[in-house]
Amino acid sequence: MPIETKRYMILLEGNEYPIIMPNIYSTEKFEKEFTYSGSDLGATYTPENS
């Protein structure tokens, strides 16, 4: 399955630079592998510990 890419052109001090970025974070495979539906990301605080 080919990965979709996004293409940008940056102009800096009169020079153009092509930027090509793979869109890997919106693929179905990425979503299945890395989606977390829990509610405890980061530190969980209680008076006893965190």
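Before reading on, note that the structure itself is shown above.
Keep in mind the model is a prediction, meaning the values are calculated, not measured. One numbering rule holds for all chains: residues counted from 1, following each sequence as written. With pLDDT at 70 or above as the cut-off, local features in this predicted model cover only qualifying residues; side-chain atom pairs require 80 or more to be listed or tallied, and sums for whole chains, interfaces and linings still use all residues. Just so you know, side-chain values use all the structure's heavy atoms and leave hydrogens and water out.

Visitor: Please give an account of the overall build of the chain that cites residues and values.
Guide: Runs of H or I in DSSP of at least four residues are treated as helices and runs of E of at least two as strands, each being numbered from the N terminus. Looking only at helices and strands, one finds one helix and two strands in the chain. Each helix and strand of the chain, ordered N terminal to C terminal, gives the series β-β-α. Its C-alpha radius of gyration of 20 Å places the chain more than 25% over the 10 Å reference for a compact globule of 50 residues. Projecting the C-alpha coordinates of the chain onto the three principal axes gives extents of approximately 60 × 35 × 10 Å. Here the chain holds 50 residues, and the buried ones make up 2% of them. Our radius of gyration is a C-alpha quantity, and the globule rule it is checked against amounts to 2.2 Å times the number of residues to the power 0.38. When a residue's accessible area, from a 1.4 Å probe over protein chains only, is under 20% of the maximum for its type it is buried; when over 50% it is exposed; and in between it is partly exposed.

Visitor: Give a detailed account of the pairing of strand S1 (residues 5-12), specifying residues and quantitative values.
Guide: Here is the key point about a regular strand: its side chains alternate between the two faces of the sheet. Bridge analysis of S1 against strand S2 (residues 15-22) gives eight bridges, and the strand direction is antiparallel. Residue pairing for S2: Leu12 is matched across the bridge by Asn15. DSSP-based pairing: two strands are paired if at least 2 bridges between them are found. What sits between the antiparallel neighbours S1 and S2 is a turn of two residues, in which Glu13 has the positive phi angle 50°.

Visitor: So what about the pattern of salt bridges? Which residues, and what values?
Guide: Just to be clear on terms, a salt bridge is a Lys or Arg side-chain nitrogen sitting within 4 Å of an Asp or Glu carboxyl oxygen. Scanning all chains against the criterion turns up one salt bridge. With its nearest N and O atoms 3.2 Å apart, the salt bridge here joins Lys32 to Glu28. Here Glu28 and Lys32 lie together in helix H1 (residues 28-34), a separation of four residues that amounts to about one turn. The same class applies to Lys32 and to Glu28, which are both exposed.

Visitor: Provide a residue-level description of a nonpolar patch on the surface, including the pertinent values.
Guide: Here, patches come from residues exposed beyond 30% relative accessible area and free of salt bridges, joined within 9 Å for like charges and within 5 Å for nonpolar side chains (Val, Leu, Ile, Met, Phe, Trp, Tyr). For the area figures, the Shrake-Rupley method with a 1.4 Å probe applies, and any residue is considered shielded solely by the protein chains shown. A surface patch of nonpolar side chains, about 300 Å² in accessible area, is lined by Ile3, Ile24 and Tyr25. A relative accessible area of 54% places Tyr25 in the exposed class.

Visitor: Go over the packing of aromatic side chains, please, and point to the residues and values.
Guide: Aromatic pairing here means that ring centres of Phe, Tyr or Trp (its six-membered ring) are within 6.5 Å. Orientation follows from the plane angle: under 30 degrees is stacked, over 60 is edge-to-face, and everything else is tilted. Evaluation of the coordinates by the stated rule reveals one aromatic pair. Centre to centre, the rings of Phe30 and Phe34 are 4.8 Å apart; their planes meet at 40°, and the pair counts as tilted. Here Phe30 and its partner Phe34 are both found in helix H1, four residues apart, which amounts to about one turn of the helix. Classification of Phe34 by relative accessible area gives exposed; the value is 56%.

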